[in-house]
Amino acid sequence: MAAIPRTLCTALVKETTVAEKWRNWARQQACVPARVERPADEEQLSAAIKRAAREGLRVRAVGSGHSFTDTCLTDGVMIDQTGMQRVLGVDRATGLVRVEAGVKLHRLTAELHQHGLALENQGDIDTQSLAGALATATHGTGERFRNLSANVVGCRLVTATGDVVEIDEARDPDAWRAARVSVGALGVISSYTLRCVPAFRIHRIDEVRPATEVLVDLDRLVAEHDHFEVMALPHTDKVLTYASQRTDRPAAPPGRLAAWWNDDLLSNAGLGAACHFGRLFPGAVPRVARALTGVIGRYEQLNDSHRVYAHKRRVRFTEMEYAIPRVHAVEALERVRALIVARWIPVLFPIEVRFTAPDDAFLSTAYGRDTAYIAVHQVVRAEYEPFFRAVEAIMDEYEGRPHWGKRHFQSAATLAARYPAWQDFQAVRARLDPHGLFTNDYVARVLGAPAGREA
Ligand SMILES: Cc1cc2nc3c(=O)[nH]c(=O)nc-3n(C[C@H](O)[C@H](O)[C@H](O)COP(=O)(O)OP(=O)(O)OC[C@H]3O[C@@H](n4cnc5c(N)ncnc54)[C@H](O)[C@@H]3O)c2cc1C
């Protein structure tokens, strides 16, 4: 057999892409894209999008795959921006930072810290990509702080034609409000300009308290703390609270043993073992829940903000989270707690309650209202759907808006009325991606078909 010339070999290797299976963090969503493109910069990103459009393939960007929904799935071209993580410019005086969209939050916050800067607020992990976190309106807690997307001053978006559009409030206010939380439906963002704040530390105390004592006083507790979070412990009358204040005091991290006990043993190994035991022996869950609650002690940390916000999450789970008007927080939480008891739902993960200020990104879950977020979780391989559907029915009564990256059973038909600026978002989408190059099944389901094409 004639040998294939070396140059042709190289060409074949370049052109033939082995199908790669992609899975999300929870390992419950999977797809085999036609190919995965890994651009190293904006120019390569634009070329990848043009190539896909020419071939009639749809395009989906992926961050760290930490969304629980099918939002990243595609049989077209998947864009992985792991090679686009550079910090492009820092202005310490104004706090404005230009950064490539694929940067992981832990890398970004570590670099910001070296410049004496920080993100204004963060969620409870930092393994997401910046673009992925922003696209789904990822948030932390604190009634004076908005979700992460509120600090986007501008971005550069690669559209369906491969052109790069510079977006900020002055140039195009509607596109700016749409692109901050886009669910990936407008194009692929190559970089952001973020408003950051001077670095700060957080003093946080975690402790178990009687649920009634906390819930009766919730408004005061939320107002008195920079960040306040309630983790209601199912099948018990207790809640675990995370109460944080910003401070200039010197760092005083917890001792090694305390950190290992709390972060490794209790929050991960112990919780994981208990959840899987509960999955196999559901009847034992209430007793296990009470036993677990009994071993959670007070835990105190004082450290740089990015170190305190981020937790290790080694137990794989799936999650649903709803944003509801803050005034309904206690009532809605009480209904979820009662549901778990009444239906004997074998869940050990806490019901998480957080708070944010309103903002104005068209698809932000906190658009135009003081918001409480209520989240339920279930360990992977355990049945979650009947539980989540029952919780969703409660949240529907409060005009709940589901987190775009977490499980829900809504569609564009049920969501449109819950977003006052829904049509404004759709107008920007029709302008930037009229033929739905960036519309996958999830986007078609939750945002509807694009203007120029039936999905
Ligand atoms: C353990 C765990 C803890 C979590 N904690 C929190 C929390 O505290 N608060 C909270 O609000 N959420 C939380 N989440 C949810 C998570 O923040 C969101 O699902 C987030 O979107 C995940 O980021 P990612 O980088 O993994 O994005 P992916 O899940 O990979 O993608 C999310 C979306 O972003 C789009 N996208 C990615 N890159 C681009 C780009 N360059 N341009 C345009 N669109 C793009 C994708 O197409 C997709 O629609 C948590 C999730 C997990 C698994």
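The rules behind the values
- Residues numbered from 1 in each chain as written.
- Predicted model: local features only at pLDDT ≥ 70, side-chain atom pairs only at ≥ 80, totals over all residues.
- Heavy atoms only, no water.
- Pairing = 2+ DSSP bridges.
- Helix = DSSP H or I, 4+ residues; strand = E, 2+ residues; numbered from the N terminus.
- Contact = heavy atoms within 4.5 Å.
- Axes fitted to C-alpha atoms, helices over the stretch in contact; angles between N-to-C directions.
- UniProt positions renumbered as here; feature names shortened; annotations may be inferred.
- 1 Å grid on protein atoms, 1.4 Å probe; cavity = no way out; pocket = protein on both sides within 12 Å on 5 of 7 lines; lining within 4 Å.
- Points joined across faces, edges and corners; volume = space filled by probe spheres on them.
- Nonpolar A, V, L, I, M, F, W, Y, C, P; charged D, E, K, R; others polar.
- Domains from an automatic or database assignment.
- Core = buried A, V, L, I, M, F, W, Y, C linked by side-chain atoms within 4.5 Å.
- Buried < 20%, exposed > 50% of the residue type's maximum accessible area, 1.4 Å probe, protein only.
- Buried area = accessible area lost by both parts, 1.4 Å probe.
- Salt bridge = Lys/Arg side-chain N within 4 Å of Asp/Glu carboxyl O.

### Regarding the sheet that holds strand β19 (residues 371-379)
Inference 1: Spatially, β16-β13-β15-β14-β18-β19-β17-β20 is the arrangement adopted by the eight strands of the open sheet, whose pairing is antiparallel. This sheet does not close on itself; its edge strands, each paired only once, are β16 (299-304) and β20 (401-402).
Inference 2: Bridge analysis of strand β14 (residues 227-232) against strand β18 (residues 351-356) gives three bridges, and the strand direction is antiparallel. Following the sheet pairing, valine 230 is matched in β18 by valine 353.
Inference 3: Running at roughly 120° to β16, helix α8 (residues 256-280) makes contact with β16 and β19 of the sheet.

### What to know about the UniProt feature "domain: FAD-binding PCMH-type" (unreviewed entry) in the chain
Inference 1: The UniProt entry lists residues 29-199 under the feature "domain: FAD-binding PCMH-type" (unreviewed entry), expressed in the numbering used here.
Inference 2: Counting secondary structure, residues 29-199 comes out at 21% helix and 27% strand; the distance between its end C-alpha atoms is 37 Å.

### Considering empty space enclosed by the protein
Inference 1: The final tally for this structure, using the stated rule, is four cavities of 30 Å³ or more.
Inference 2: In this structure, the largest cavity spans a volume of roughly 150 Å³.
Inference 3: Forming the walls of the largest cavity are 15 residues, and the residues nearest its centre are Thr141, Arg204, His227, Glu229 and Tyr309.
Inference 4: Mapped onto the lining of the largest cavity, the elements with two or more residues apiece are β13 (201-210), β14, β15 (238-247) and α10 (305-309).
Inference 5: For the lining of the largest cavity, the class distribution of residues is four nonpolar, seven polar and four charged.
Inference 6: Composition of the lining of the largest cavity by domain shows at least three residues from each of domain 1 (90-198) and domain 2 (201-409).
Inference 7: Lining the second largest cavity are Leu105, Leu119, Glu120, Asn121, Leu130, Leu134, Arg146, Asn147, Leu148, Asn151, Leu194 and Arg195.
Inference 8: Contributing elements (two or more residues each) for the lining of the second largest cavity: α4 (130-135) and β11 (188-195).
Inference 9: Class assignment for the residues of the lining of the second largest cavity results in six nonpolar, three polar and three charged.

### Section: the sheet that holds strand β7 (residues 96-100)
Inference 1: Within the open sheet, the five strands sit side by side as β6-β7-β11-β9-β10. Their pairing is antiparallel. One side of each edge strand has no neighbouring strand; the edge strands of this open sheet are β6 (87-91) and β10 (164-168). For this sheet, the mean inter-axis angle between neighbouring strands, taken without regard to orientation, is 15°.
Inference 2: When β7 meets β11, the two strands line up antiparallel, connected through five bridges. Residue pairing across strands places valine 99 opposite tyrosine 192, the latter belonging to β11.

### Section: the environment of phenylalanine 425
Inference 1: Examined against the element boundaries, phenylalanine 425 turns out to sit in helix α14 (residues 422-432).
Inference 2: Spatially, the C-alpha atom of phenylalanine 425 lies 30 Å from that of histidine 377, the residues being 48 residues apart in sequence.
Inference 3: Excluding its chain neighbours within four sequence positions, the residues that come into contact with phenylalanine 425 are Ala178, Val181, Ser182, Ala185, Leu186, Phe362, Leu363 and Leu447.

### A short note on the nonpolar core
Inference 1: Core analysis: the biggest nonpolar cluster contains 54 residues, and Phe387 and Met395 have the highest contact counts within it.
Inference 2: Those residues in contact with phenylalanine 387 that sit more than four places away from it in its chain are Leu339, Ile340, Ile345, Val347, Val376 and His377.
Inference 3: Of all hydrophobic cores here, the second largest spans 47 residues; its members include Leu134, Ala179, Val183 and Phe362.

### Regarding the domain arrangement of the chain
Inference 1: Taken as a whole, the chain is organised into domain 1 (90-198) and domain 2 (201-409).
Inference 2: The C-alpha-based centres of domain 1 and domain 2 are spaced at 25 Å.
Inference 3: The junction of domain 1 with domain 2 conceals about 2,900 Å² of combined surface from both sides, 52% of it contributed by carbon and sulfur atoms.
Inference 4: Ranking the residues of domain 1 by area buried against domain 2 places Asp124, His139 and Glu143 at the top, with a combined share of 24%.
Inference 5: Connecting domain 1 to domain 2 are six salt bridges.
Inference 6: One salt bridge in this structure joins aspartate 226 and arginine 144, with 2.9 Å as the shortest N-O distance.
Inference 7: Only α3 (105-114) and α5 (173-179) provide two or more residues apiece to the side of domain 1 that touches domain 2.
Inference 8: Per element, the largest residue contribution to the side of domain 1 that touches domain 2 is four residues, and it comes from α5.

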